Amino acid sequence: MNRYKILIVDDHFVVREGLKLIMETDERFQIVGEAGNGQEAIHLIDELQPDVVLMDLNMPVMSGLEAMKVLKSKNSPVPVIILTTYNEDDLMINGLALGARGYLLKDTSRENLFRNIESAVRGETLLTSEIMERVIATRENYKASNSANEEASLLTDKETQILQSVAQGFKSKEIASDMGIAERTVKAHLTSIYNKLGVDSRSQAVAIGLERGILHM
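Residues numbered from 1 in each chain as written. Predicted model: local features only at pLDDT ≥ 70, side-chain atom pairs only at ≥ 80, totals over all residues. Heavy atoms only, no water.

Peer 1: Explain the overall build of the chain here, please?
Peer 2: A tally of regular secondary structure across the chain gives eleven helices and five strands. By the burial criterion, 48% of the 217 residues in the chain qualify as buried. Look at the contacts in the chain between residues 6 or more apart in sequence, and 67% of them connect residues 24 or more apart. Accessible surface computed for the chain: about 10900 Å², of which carbon and sulfur atoms make up 47%. (Helix = DSSP H or I, 4+ residues; strand = E, 2+ residues; numbered from the N terminus. Buried < 20%, exposed > 50% of the residue type's maximum accessible area, 1.4 Å probe, protein only. Contact = heavy atoms within 4.5 Å. Areas by Shrake-Rupley, 256 points an atom, 1.4 Å probe, with all protein chains shown as cover.)

Right under this line is the structure:
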């Protein structure tokens, strides 16, 4: 059985130990390293090539978001799940825009954590309904500006529909079935969406879509 290699990044020893204990309850997961700040994480990611990184945000030396910016600049393929105590909407938007494959609070359930890890390994982004509702609620508090409308007009109606389905957690195959088109056509539309928004992942596209008023959910 293949085991998922996990790197834990958190400046609190107790948190790291707690996560290790949780991971050890399931033989699918293997902790291959620990880091106390973003700078250490970058070195270990290069060295260990984990399957998934569980990243805290507020850390000394280099924060989680700063580390993610570095990883993005290096085109690192290693998926990052943000695992934090910070219940702030701006952090969620920024983290997703930097390519995070999930945004979880540290009191999330064991089952939800495992689901997010498995989703990240598959290259997918999984957002809990609670997190998604908060992001959407935050976006609804913003007034739609002319620039937002201009951004929205960049996408065709079909692309907007696909992006909204992605934001709701549907996979390409499910979107294709619902729209009555081929899965490869959905993927082609996604590529077009990425190019128009200047992003390279589903999570970034959703984050930018919410931030710029393209998505109305």
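Peer 1: Mind showing me how you'd approach the confidence of the model for the chain here?
Peer 2: Low-confidence regions, as indicated by low pLDDT, have predicted coordinates that should not be scrutinised in detail. When the pLDDT values of the chain are averaged, the result is 86; 89% of them are 70 or greater. When pLDDT is averaged over each element of the chain, strand S3 (residues 52-55) comes out on top at 98 and helix H7 (residues 146-153) at the bottom at 48. (pLDDT = per-residue confidence, 0-100.)

Peer 1: Explanation requested: the pattern of salt bridges in the structure shown.
Peer 2: The full count for this structure, using the stated rule, is twelve salt bridges. Two residues, Asp10 and Lys106, come together in a salt bridge whose shortest N-O distance is 2.6 Å. Remark: Lys106 occurs in the loop between strand S5 (102-105) and helix H5 (110-121) and Asp10 occurs in the loop between strand S1 (4-9) and helix H1 (13-23); sequence separation between them is 96 residues. In this structure, Arg122 engages Glu124 in a salt bridge whose closest nitrogen and oxygen atoms are separated by 3.3 Å. You can call Glu124 partly exposed: its relative accessible area is 21%. (Salt bridge = Lys/Arg side-chain N within 4 Å of Asp/Glu carboxyl O.)

Peer 1: Looking at this structure, I do not really get helix H10 (residues 183-197). What am I missing?
Peer 2: Each α-helix turn comprises 3.6 residues. Residues three or four places apart therefore point the same way. Taking 1.5 Å of rise per residue, 15 residues should cover 21 Å, and H10 covers 21 Å from first to last C-alpha, within 8% of that figure. Within H10 the residues assigned to the buried category are Val186, His189, Leu190, Ile193, Tyr194 and Leu197. End-on view of H10: buried residues confined to an arc of 145°, all on one side of the axis. Counted as exposed and oriented over 90 degrees from the buried face of H10: Arg184 and Asn195. Following H10 by one or two positions, Gly198 has its phi on the positive side, about 70°. (Expected span 1.5 Å × (residues − 1). Arc of directions from axis to C-beta.)

Peer 1: For this particular structure, what's the right way to read helix H8 (residues 157-167)?
Peer 2: Those residues of H8 that fall on the buried side of the exposure criterion are Glu159, Thr160, Ile162, Leu163, Ser165, Val166 and Ala167. Directly beyond the C-terminal end of H8, a positive phi value near 95° is found at Gly169.

Peer 1: What's the story with the pairing of strand S4 (residues 80-84) in this structure? I'm lost.
Peer 2: Across a regular strand the side chains alternate sides, sitting on one face of the sheet and then on the other. The buried fraction of S4 amounts to five of the five residues, a majority that puts the element mostly inside the structure. Residues of S4 alternate between two faces, with Val80, Ile82 and Thr84 on one and Ile81 and Leu83 on the opposite face, all of them buried. Looking at chain direction, S3 and S4 are connected through three bridges and run parallel. By the bridge assignment, Val53 is partnered in S4 with Val80. Taken together, S3, helix H3 (residues 64-73) and S4 constitute a β-α-β crossover, and its handedness is right-handed. One ladder, built from four bridges, connects S4 with S5; its direction is parallel. Residue pairing across strands places Leu83 opposite Leu104, the latter belonging to S5. (Pairing = 2+ DSSP bridges. Right-handed = clockwise from strand over helix to strand, strands pointing away.)

Peer 1: I would appreciate a short explanation of the nonpolar core in the present structure.
Peer 2: The tendency in soluble globular proteins is for nonpolar side chains to be buried as a group. Counting 26 residues, the largest nonpolar core has Val9, Val53, Met55, Met68 and Tyr103 as the members making the most contacts within it. Only S1, helix H2 (38-48), S3, H3, S4, helix H4 (89-97) and S5 provide two or more residues apiece to this core. Contacts of Tyr103, omitting those with residues within four sequence positions, involve Leu57, Ile82, Thr84, Tyr86, Glu88, Leu91, Met92, Leu127 and Ile131. (Core = buried A, V, L, I, M, F, W, Y, C linked by side-chain atoms within 4.5 Å.)

Peer 1: Would you mind showing me how to read the packing of aromatic side chains here?
Peer 2: Describing an aromatic ring pair means giving the distance of the ring centres and the angle of the ring planes. On inspection of all chains with the given rule, the structure shows two aromatic pairs. For the pair Tyr4 and Phe29, a centre-to-centre distance of 5.8 Å together with 45° between the ring planes defines the contact as tilted. Taken as a pair, Tyr4 in strand S1 and Phe29 in strand S2 (residues 29-35) lie far apart in primary sequence, 25 residues in all. On the basis of relative accessibility, which here comes to 2%, the residue Phe29 falls in the buried class. When the centroid spacing of 4.7 Å and the interplanar angle of 40° are considered together, the rings of Phe29 and Phe114 count as tilted. Of this pair, Phe29 sits in strand S2 while Phe114 is found in helix H5, placing the two residues 85 residues apart along the sequence. For Phe114, a relative accessible area of 4% translates into the label buried. (Phe/Tyr/Trp six-rings, centres within 6.5 Å; stacked < 30°, edge-to-face > 60°.)

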